[in-house]
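The chain contents come next:
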Amino acid sequence: MNTKNKDIPCLITIFGATGDLSHRKLFPSLFHLYQQENLNEQVAIIGIGRRELTNDDFRSQVKSSIQEHVKDTKHLDKFMEHVFYHKHDVSDEASYQSLLEVSNKLDTEFNLNGNRLFYLAMAPKFFGVISDYLKSSGLTETTGFKRLVIEKPFGSDLASAEDLNEQLRRSFKEEEIYRIDHYLGKDMVQNIEVLRFANAMFEPLWNNKYISNIQVTSSEVLGVEDRGGYYESSGALKDMVQNHMLQMVALLAMEAPISLHSEDIRAEKVKALKSLRKLEPEEVRQNFVRGQYDEGVIQGQKVPKYRGEDRVAENSTTPTFVAGKLTIDNFRWAGVPFYIRTGKRMKSKTIQVVVEFKEVPMNLYYETDKKLDSNLLVINIQPNEGVSLHLNAKKNVQGIETEPVQLSYAMSAQDKMNTVDAYENLLFDCLNGDATNFTHWEELKSTWKFVDAIQEEWNQNEPEFPNYESGSNGPLDSDLLLSRDGFKWWDDIH
Ligand code: BG6
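By the naming in an unreviewed UniProt entry, the protein chain is Glucose-6-phosphate 1-dehydrogenase, taken from Staphylococcus saprophyticus subsp. saprophyticus. Quoted verbatim from the Pathway (unreviewed entry) field of the UniProt record, the comment on the protein chain reads "Carbohydrate degradation; pentose phosphate pathway; D-ribulose 5-phosphate from D-glucose 6-phosphate (oxidative stage): step 1/3."

Pasting the structure below:
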């Protein structure tokens, strides 16, 4: 089950070690794991980059990134003794020989038992070639385990994802491939499963008899920043929906697994994703809304429109917002809409799930049209982390009138300081060979199929962009998506 081993010797090779992800997330997470003694002394980390750097140069860069991101830097110098730099051209097969030599040397020096973890924090076009050369150079012929950790995007549609997968499978087995979806490393996303399956009170209600709809939102205040080049070819549908949003839907919709073993949980998620109704073109038009941000004012600052961002085409049709209504065709969920919504340059940074329950069978409290408030279960994922239950109770006045009350659990400020980063969770899982919180190929296949149908329909006609102001809740059509079913987005609720 989930008891994790802290003493796993390993050589961790990070491709793209001078990049943003490595500096902001990977090195601080590895250091924190080391500091917590979740990584032991039998660990060596090779940072791979194209630049000419000495070990000392690299170490001082990594050190200052860690100092920037981690408050307590006790044992930092000791940790740095485990970090090495290797200049390497990933497209040059010959240069893998010297990487092999360094790897073997460190293996002996740190007593790593031949365990190797390769982390590809690189542009996706290099994923396939690195994986091929790791094998042809002999780096994957090792006495210990070999694992490949790969960042998103995994393909840009089903066909390209299939090609990439085939290429990776020439060097690694499915169980050796760890496809990152960093949302699965977030504590409160992992909590969805625990809340559902460790409490007797939710599971009996978790179906179409009692739930009227489920809403999943991930909104950002930030715009596309300096990632215009990448984002133009991806957009919100491929950047957020295909992975993070559908992963959260799968966790909310899946059946209870027979155990917490990775394969049992993933089997249930795959089943849930396979039950997503594939959309016909007409349904895409009806049930999916795309948007692109216009200029606006956020926190008192004027911000540019998407089409005015760096490396974005002046007439770009890339969506920065997607809202959609999903239908899950199975016994549990028939008739319950799952609404998803994600966008950049929105009013607030919020990752949240709202489960709205159906009305009580008969309203005893109001003879007029006044309705009781809906019961809601709110799962706050970020930036607030916690859970709240919205109920009706008696108002403190003569006679019987109701008022909404809230039972809340929020992580305290103290807990929050210790909240582990998603990457730390995922790196630890990967070292332990626990693939539960990584995306299986079968999950990817279903999510790409679903997203491809939307993209194909969208390719048929040009959207009228921009269609939402920066700092708003997205285009009006996103509200209409729910109001036409008699619902509304539960904004500003905690
Ligand atoms: C990434 C996307 O996967 O997730 C980004 O590529 C997005 O565009 C980010 O900003 C959001 O992550 P989080 O954890 O801040 O919600």
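That shown, we press on.
Caption draft 1: Main features of the nonpolar core. In terms of nonpolar packing, the biggest core is built from 101 residues, with Phe15, Phe288 and Phe338 touching the most fellow members. Residue contributions to this core peak at 12 residues, all from helix H9 (residues 235-253). Once residues within four sequence positions are removed from consideration, phenylalanine 15 is found in contact with Ile48, His88, Val90, Tyr96, Leu99, Phe118, Tyr119, Leu120, Ala121, Met122, Ile130 and Leu134. Membership of the second largest hydrophobic core comes to 40 residues, among which are Leu26, Val43, Ile66 and Leu426.

Caption draft 2: Molecular detail of the pairing of strand S5 (residues 146-150). In terms of burial, S5 is largely enclosed, as 5 of its 5 residues are buried. The alternating pattern of S5 places Lys146, Leu148 and Ile150 and Arg147 and Val149 on opposite faces, both of which are buried. Of the strand pairs in this sheet, strand S4 (residues 116-120) and S5 are connected by 5 bridges, and their pairing is parallel. Among the inter-strand pairings, phenylalanine 118 is bridged to a residue of S5, identified as leucine 148. With respect to chirality, the unit in which S4 leads through helix H5 (residues 127-136) into the neighbouring parallel S5 is right-handed. Summarising the sheet, S5 and strand S6 (residues 177-179) pair through 3 bridges and their orientation is parallel. Bridge pairing links valine 149 to tyrosine 178 in S6. Note that the unit made of S5, helix H6 (residues 158-169) and S6 has a crossover that is right-handed.

Caption draft 3: Just the UniProt feature "active site" (unreviewed entry) in the protein chain, in detail. The positions that UniProt labels "active site" (unreviewed entry) are, in the present scheme, His244. The topology assignment puts histidine 244 in helix H9. Classification of histidine 244 by relative accessible area gives buried; the value is 2%. Those residues within four positions of histidine 244 in sequence are excluded, and the remaining contacts are Lys152, Asp181, His182, Tyr183 and Asp239. Polar contacts involving the side chain of histidine 244 include one to the side chain of aspartate 181, which spans 2.7 Å.

Caption draft 4: Here's a closer look at the sheet that holds strand S9 (residues 293-298). On the basis of which strands lie adjacent, the open sheet formed by 3 strands has the order S10-S9-S17 and mixed pairing. The open sheet is flanked by strand S10 (301-303) and strand S17 (468-470), the only strands paired with a single partner. Looking at each pair of strands side by side, their axes are set apart by 25° on average, direction ignored. Strand direction decides the pairing type here: S9 and S17, joined by 3 bridges, are parallel. Opposite aspartate 294, over in S17, you have glutamate 469 as the bridge partner.

Caption draft 5: Examining the pattern of salt bridges more closely. Tallying each qualifying case throughout the model produces 27 salt bridges. The salt bridge partner of aspartate 132 is arginine 170, with a shortest N-O separation of 2.9 Å. Of this pair, aspartate 132 sits in helix H5 while arginine 170 sits in the loop between H6 and S6, placing them 38 residues apart in sequence. Two residues, lysine 344 and glutamate 220, come together in a salt bridge whose shortest N-O distance is 3.0 Å. One end of the pair, lysine 344, is in the loop between strand S12 (338-343) and strand S13 (350-357); the other, glutamate 220, is in the loop between strand S7 (211-219) and helix H8 (228-232), and 124 residues separate them in sequence.

Caption draft 6: View of the site of the ligand. If you check the shell around the ligand, you find Lys152, His182, Tyr183, Lys186, Glu220, Arg227, Asp239, Met240, His244, Lys344, Lys349 and Ile351 and nothing else. Contact distances for the ligand include 2.6 Å between an oxygen atom and a side-chain N or O atom of tyrosine 183. Between the ligand and glutamate 220, the relevant distance is 2.6 Å, taken from an oxygen atom to a side-chain nitrogen or oxygen of the residue. At 3 residues, the largest contribution of residues to the shell around the ligand is made by H9. Within the shell around the ligand, the residues separate by chemical class into 3 nonpolar, 2 polar and 7 charged.

Caption draft 7: Summary view of the packing of aromatic side chains. Applying the stated rule across the entire model yields 17 aromatic pairs. Pairing tyrosine 231 with tyrosine 306 gives two aromatic rings, centres 6.0 Å apart and planes at 65°, and the pair type is edge-to-face. With tyrosine 231 in helix H8 and tyrosine 306 in the loop between S10 and strand S11 (321-326), the pair connects residues that are 75 residues apart, well separated along the chain. Like tyrosine 231, the residue tyrosine 306 is buried in the burial classification. Grouping aromatic residues by their ring pairs yields a cluster made of Phe27, Phe58 and Tyr85.

Caption draft 8: View of the packing of helix H1 (residues 20-35) against helix H2 (residues 55-69). Across the interface, H1 lies against H2 with an axial gap of 9 Å and an inter-helix angle of 85°. Comparing their axes, H2 and H1 come out roughly perpendicular. Residues His23, Arg24, Phe27, Pro28 and Phe31 of H1 touch H2, and the partners they reach there are Phe58, Gln61, Val62, Ser65, Ile66 and His69.

Caption draft 9: Main features of the UniProt feature "binding site: substrate" (unreviewed entry) in the protein chain. In the numbering used here, UniProt assigns the "binding site: substrate" (unreviewed entry) feature to His182, Lys186, Glu220, Asp239, Lys344 and Lys349. Checked against the element boundaries, lysine 186 lands in the loop between S6 and helix H7 (187-197). Those residues in contact with lysine 186, other than ones at most four positions away along the chain, are Ile351, Ile381, Gln382 and Ala422.

Caption draft 10: Structural view of the environment of tyrosine 306. The exposure class of tyrosine 306 is buried, given its relative accessible area of 0%. When the C-alpha atoms of tyrosine 306 and proline 466 are compared, they prove to be 7.9 Å apart, with 160 residues separating the residues in sequence. In this view, tyrosine 306 contacts Val224, Tyr231, Glu232, Gln292, Tyr293, Val312, Ser316, Thr318 and Thr320; residues no more than four positions away in its chain are not counted.

Caption draft 11: Looking closely at unusual backbone geometry. With an omega dihedral of 5°, the bond running from lysine 152 to proline 153 counts as a cis peptide bond. For proline 153, the location among the structural elements is in the loop between S5 and H6. Here the bond from phenylalanine 465 into proline 466 is cis, since omega is -5°, no more than 30 degrees from zero. Positive phi, close to 60°, is recorded for glutamate 37, a residue that is not glycine. In this fold, glutamate 37 is placed in the loop between H1 and strand S2 (43-49). Given the relative accessible area of 61%, glutamate 37 is considered exposed. Even without glycine at this site, aspartate 492 takes up a positive phi of about 55°.

Definitions and limits used
Residues numbered from 1 in each chain as written. Predicted model: local features only at pLDDT ≥ 70, side-chain atom pairs only at ≥ 80, totals over all residues. Heavy atoms only, no water. UniProt positions renumbered as here; feature names shortened; annotations may be inferred. Core = buried A, V, L, I, M, F, W, Y, C linked by side-chain atoms within 4.5 Å. Buried < 20%, exposed > 50% of the residue type's maximum accessible area, 1.4 Å probe, protein only. Helix = DSSP H or I, 4+ residues; strand = E, 2+ residues; numbered from the N terminus. Contact = heavy atoms within 4.5 Å. Pairing = 2+ DSSP bridges. Right-handed = clockwise from strand over helix to strand, strands pointing away. Polar contact = N/O pair within 3.5 Å; in protein donor to acceptor, adjacent residues only side chain to side chain. Axes fitted to C-alpha atoms, helices over the stretch in contact; angles between N-to-C directions. Salt bridge = Lys/Arg side-chain N within 4 Å of Asp/Glu carboxyl O. Near = heavy atom within 4 Å. Nonpolar A, V, L, I, M, F, W, Y, C, P; charged D, E, K, R; others polar. Phe/Tyr/Trp six-rings, centres within 6.5 Å; stacked < 30°, edge-to-face > 60°. Parallel < 35°, antiparallel > 145°, perpendicular 65-115°, else oblique.

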